[in-house]
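# A look at the structure
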Amino acid sequence: MQLEAGALQAAGSQVPSDEERRPALREEHVDVVVIGAGQNGLSVGYHLARKGVKFVILEARERVGDIWRSRWDSLRLFTPARFDALIGMPFPAERYSFPTKDDMADYLEVYAKKFSLPVRTGFKVDEVTRSGDRYIVSAGQTRYVAGHVVAAASSYQKPKIPDFAASLDPSIRQFHSGVYKNPGQLNPGSVLLVGASNSGAEIAMDLAATHQVWLAGRHPGHIPVAYNGYFAMRLVLPVVLRIVFHRLLTVDTPMGRKAKPQQLSHGLPLIRVKPQDLDAAGVRRVSRVAGVRDGKPMLDDGQLLDVSNVIWCTGFRAGLDWIKLPIFDDSGRVKQYRGAVEGEPGLYVCGLHFQHSTSSTMIHGAARDAGYVADKIGERMRAAAR
Ligand SMILES: Cc1cc2nc3c(=O)[nH]c(=O)nc-3n(C[C@H](O)[C@H](O)[C@H](O)COP(=O)(O)OP(=O)(O)OC[C@H]3O[C@@H](n4cnc5c(N)ncnc54)[C@H](O)[C@@H]3O)c2cc1C
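The structure presented is a predicted model; accordingly, all values stated were derived computationally and were not measured.

### Overview of the overall build of the protein
A tally of helices and strands in the protein yields 9 helices and 19 strands. Expected size for 386 residues packed as a compact globule is a radius of gyration near 21 Å; at 23 Å, the protein falls within 12% of this value. Taken along the three principal axes of its C-alpha coordinates, the protein extends 75 × 55 × 35 Å. In the protein, which comprises 386 residues, the share counted as buried stands at 38%.

The structure is reproduced here in structure tokens:
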């Protein structure tokens, strides 16, 4: 249906109004709009397709998988292929090998095609609002009207950088880990990585051969076994990923509720890199960066570091501020239980940190969280049809 802008302009008026000059809006009605075609959006799509629901998946980027393609050049997944598959399609690699970021991107693209998921690439959602019992999803010149929306744009959309970064001396090259590609982007000399969780530790290893690396921040803990060994891969890793991260540390267990605040503020423990790997590579550990003095990064004991580069490995925000509805708590987090947003029936999220468990932001956790959301949508649709 075409909504002709300015249709209500008084008949006979000669001068086109601002509304009339704007290109026509296209309006489409669907049961569900899924926003984001990453592992979570595609998994929700897989489940919805099996329920025969009419839905679209809107993806801002040009190709499915581009978010992985945009990550740093040497990135290999820290989870072996066995834990990198989405529901219904094995990952096409040896079970205990570590796929590259481009392998993962291509896998997602093939997945969307294999299950004929209705992905529309190049559709960036600008706004989600509500009109009565329908959600209005605006993406450029298209408005989708739907009874259900799933924001599956995860936890990794907006880089977090502390305000004091702006006071660093301009001669220091600084950027967020989300735009790090390779050592060639840096000034010669030393580099300070702020944030010692998985991205900080992995980038430290990538840079250690070419730069003096300082790694700042609290150690988030690590899996205490050699990661690549036969025993670790076949016994320890499945227990950590599928039992501890997936079944024990959830919002429904006392242990999980205790771990949740810690994981939300400090991230996951180191999964692949070990403290001894960092030591062997010559990476120097320092405490938290507390601010900037005289244009230099200052640690919380007052020490100034004379570095040529700073990479902020300080994580991401969910970046869901285009949802113009009162769904956020005082700390900016979406109020939800297992993806169902409080006070907004029909609105869901997928892929948030600890949405249900530690595995909620991992590839192997997507199937269960997405399945739960799709089931809730199915239940609502059946109830409405009665
Ligand atoms: C560097 C790095 C390495 C990681 N390695 C691993 C690993 O080895 N193993 C593992 O299990 N997990 C890993 N993760 C965690 C997680 O699996 C990934 O971050 C994964 O990409 C999250 O998937 P997602 O579907 O939730 O979101 P994303 O992959 O971020 O997908 C969301 C999609 O939504 C789109 N989008 C965003 N906003 C809009 C909008 N307004 N309108 C339309 N589309 C929009 C984006 O373009 C994107 O394609 C890693 C994370 C990072 C940052």
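### A word on the nonpolar core
Core analysis: the largest hydrophobic core is formed by 65 residues, its most contacted members being V33, I35, V149 and V150. Among the nonpolar cores identified, the runner-up in size contains 26 residues, and A196, W214, V310 and I311 belong to it.

### Thoughts on the domain arrangement of the protein
According to the domain assignment, the protein consists of domain 1 (26-157 + 318-385) and domain 2 (160-222 + 269-315). The centre of domain 1, based on its C-alpha atoms, is set 31 Å off from the matching centre of domain 2. Listed by partner, the interface residues are 4 residues for domain 1 and 8 residues for domain 2. Residue composition of the side of domain 1 that touches domain 2, by class: 2 nonpolar, 1 polar and 1 charged.

### Side note on the environment of Y144
Inspection of the secondary structure puts Y144 in strand β7 (residues 142-151). For the pair Y144 and E27, spaced 117 residues apart in the sequence, the C-alpha separation amounts to 5.8 Å. Setting aside residues up to four positions removed in sequence, Y144 forms contacts with E28, V30, V33, V56 and V137.

### Remarks on the site of the ligand
Near the ligand lie 29 residues; those nearest to it are G36, G38, L77, S154 and G351. For the shell around the ligand, the elements supplying multiple residues, two or more each, are α2 (39-51) and β3 (55-59). Sort the elements by how many residues they give to the shell around the ligand and α2 lands first, with 3 residues. Classifying every residue of the shell around the ligand by side-chain character gives 14 nonpolar, 11 polar and 4 charged.

### Topic: the packing of α2 against helix α9 (residues 366-385)
Relative to each other, α2 and α9 sit at 45°, their axes nearing to 8 Å. In terms of orientation, α2 lies oblique with respect to α9. α9 is crossed by α2, and the crossing has right-handed handedness. For the pair formed by α2 and α9, the contact residues are Q39, N40, S43, V44, H47, L48 and K51 on the first element and A366, A367, A370, G371, V373, A374, I377 and G378 on the second. Among the residues forming the contact of α2 with α9, the class breakdown is 8 nonpolar, 6 polar and 1 charged.

Reading the values: the criteria
Residues numbered from 1 in each chain as written. Predicted model: local features only at pLDDT ≥ 70, side-chain atom pairs only at ≥ 80, totals over all residues. Helix = DSSP H or I, 4+ residues; strand = E, 2+ residues; numbered from the N terminus. Rg over C-alpha atoms; globule rule 2.2 N^0.38 Å. Buried ≥ 20, exposed ≤ 12 C-beta atoms within 10 Å, placed from the backbone. Core = buried A, V, L, I, M, F, W, Y, C linked by C-beta atoms within 7 Å. Domains from an automatic or database assignment. Contact = placed C-beta atoms within 7 Å. Nonpolar A, V, L, I, M, F, W, Y, C, P; charged D, E, K, R; others polar. Near = placed C-beta within 6 Å. Axes fitted to C-alpha atoms, helices over the stretch in contact; angles between N-to-C directions. Parallel < 35°, antiparallel > 145°, perpendicular 65-115°, else oblique. Left-handed = near helix turned anticlockwise from the far one by under 90°.

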